Amino acid sequence: GENVEQHPSTLSVQEGDSAVIKCTYSDSASNYFPWYKQELGKRPQLIIDIRSNVGEKKDQRIAVTLNKTAKHFSLHITETQPEDSAVYFCAARLETGGFKTIFGAGTRLFVKA
Amino acid sequence: DAGITQSPRHKVTETGTPVTLRCHQTENHRYMYWYRQDPGHGLRLIHYSYGVKDTDKGEVSDGYSVSRSKTEDFLLTLESATSSQTSVYFCAISEQGTDTQYFGPGTRLTVL
């Protein structure tokens, strides 16, 4: 079935360093890729998304890249800050079978001050 | 946050009892979703709705049923709760199937 794999499961960086989280998806019909941030005890919140007709998108310190040929996409956070510490989820939406969104298992990011 | 509420926010119940979780939205969005979140699994889709009385199954629908009699309410029912259904349940909404999903605050369910 459809699958999204996310790596690493845990990532620890020093404040000011960059963090990269990678995801691969299995269904080539996917064409929308959101990233969510979830702080402890809170709801997932969208931080950035990308559609398949775009290779890269940036929003301040956050960027997402997409390689449709390889079926993988990545989240890049530059100049990390302690408040970036959270769990990050990637997802891929299928454009067949009712627009279902499949999530990765999540990456717990720790930013050390 | 989008106008989404979930009730109850916390519930403890016993194996074999029925449980109903409610998701309520004030955004008049057409699509509503129920997910469960478990460590190591991310968010998994249980059921979703694409309009009043229109629902379909997700990845992990066994043991769950849903109903949507009004645009603003989407109910998730566990007919006979089991310990494997202990989880955090999130509702989400989107205006269309192709749009971004926004999540509710979640319901923590414990089945003893």
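Refer to the structure above for everything that follows.
These figures come from a predicted structure and were not determined experimentally.

Asker: Requested: an account of the overall build of chain B, with residues and values cited.
Answerer: In terms of regular secondary structure, chain B is built from 0 helices and 11 strands. When the helices and strands of chain B are listed from N to C terminus, the series reads β-β-β-β-β-β-β-β-β-β-β. Its C-alpha radius of gyration of 13 Å places chain B within 12% of the 13 Å reference for a compact globule of 112 residues. By principal-axis analysis of the C-alpha atoms, chain B measures approximately 35 × 25 × 25 Å. Counting all 112 residues of chain B, 50% fall into the buried class. Counted over contacts in chain B with a minimum sequence separation of 6, partners at least 24 positions apart contribute 55%. Averaging the locations of the 11 positively and 13 negatively charged side chains of chain B gives two centres separated by 4 Å.

Asker: Which residues make up the interface of chain B and chain A, and what values do they have?
Answerer: Between chain B and chain A, the residue contacts involve 23 residues of the former and 22 residues of the latter. In total, about 1800 Å² of surface goes out of reach between chain B and chain A, with carbon and sulfur atoms giving 50% of it. Area buried by chain B at its contact with chain A is led by Leu43, Thr98 and Phe103 of chain B, which between them contribute 26% of it. On inspection of chain B and its partner chain A, the count reaches 0 salt bridges. Put simply, the parts of the chain that give the side of chain B that touches chain A at least two residues each are strand 4 (31-38) and strand 5 (42-51) of chain B. Looking at the side of chain B that touches chain A, the element that brings in the most residues is strand 5 of chain B, giving 4 residues. Grouping the amino acids of the side of chain B that touches chain A by side-chain chemistry returns 10 nonpolar, 9 polar and 4 charged.

Asker: I'd like to hear about the sheet that holds strand 7 (residues 64-70) of chain B, residue by residue, with values.
Answerer: Residues and elements named next belong to chain B. Strand order in the open sheet formed by 4 strands is 1-3-8-7, with antiparallel pairing between adjacent strands. Whereas interior strands pair on both sides, the edge strands pair on one side only; in this sheet they are strand 1 (4-7) and strand 7. Between one strand and the next, the sheet's axes are offset by a mean angle of 20 degrees, whatever the strand orientation. As paired elements, strand 7 and strand 8 (residues 73-78) share 5 bridges and run antiparallel to each other. Bridge pairing in strand 8 links Val66 to Leu76.

Asker: For the pairing of strand 4 of chain B, give the residues involved together with the corresponding values.
Answerer: A regular strand carries its side chains on alternate faces of the sheet. Residues and elements named next belong to chain B. With respect to burial, strand 4 is a largely interior element, 8 of its 8 residues being buried. Neither face of strand 4 is left uncovered, since the one carrying Tyr31, Tyr33, Tyr35 and Gln37 and the one carrying Met32, Trp34, Arg36 and Asp38 both have all their residues buried. Two strands pair when backbone bridges link them, and strand 4 and strand 9 (residues 87-94) are joined in this way by 7 bridges, in the antiparallel orientation. By the bridge assignment, Tyr35 is partnered in strand 9 with Phe90.

Asker: Give a detailed account of the sheet that holds strand 8 (residues 72-77) of chain A, specifying residues and quantitative values.
Answerer: All names here are of chain A. If you trace the 5 strands from one edge of the open sheet to the other, you get 1-3-8-7-6, paired in antiparallel fashion. Lying at the two open borders of the sheet, with one neighbouring strand each, are strand 1 (4-7) and strand 6 (56-59). Adjacent strand axes in the sheet meet at a mean angle of 15 degrees when their direction is disregarded. Where strand 7 (residues 62-67) meets strand 8, 6 bridges bridge the pair, whose relative direction is antiparallel. Opposite Ile62, over in strand 8, you have Ile77 as the bridge partner.

Asker: Explain the state of the cysteines to me, using residue names and the numbers behind them.
Answerer: All names here are of chain A. What the rule picks out here adds up to 2 disulfides over all chains. Cys23 shares a disulfide with Cys90; S-S distance 2.0 Å. Residues Cys23 and Cys90 share a disulfide whose torsion about the S-S bond is about -100 degrees; that sign makes it left-handed. Residue Cys23 is found in strand 3 (residues 19-25), and its partner Cys90 is found in strand 9 (residues 86-94); the two are separated by 67 residues along the sequence. For Cys23, a relative accessible area of 0% puts it in the buried group.

Definitions and limits used
Residues numbered from 1 in each chain as written. Chains lettered and ligands numbered in written order. Predicted model: local features only at pLDDT ≥ 70, side-chain atom pairs only at ≥ 80, totals over all residues. Heavy atoms only, no water. Helix = DSSP H or I, 4+ residues; strand = E, 2+ residues; numbered from the N terminus. Rg over C-alpha atoms; globule rule 2.2 N^0.38 Å. Buried < 20%, exposed > 50% of the residue type's maximum accessible area, 1.4 Å probe, protein only. Contact = heavy atoms within 4.5 Å. Lys, Arg positive; Asp, Glu negative; His and termini not counted. Charge placed at Lys NZ, Arg CZ, Asp CG, Glu CD. Buried area = accessible area lost by both parts, 1.4 Å probe. Salt bridge = Lys/Arg side-chain N within 4 Å of Asp/Glu carboxyl O. Nonpolar A, V, L, I, M, F, W, Y, C, P; charged D, E, K, R; others polar. Pairing = 2+ DSSP bridges. Axes fitted to C-alpha atoms, helices over the stretch in contact; angles between N-to-C directions. Disulfide = S-S within 2.5 Å.

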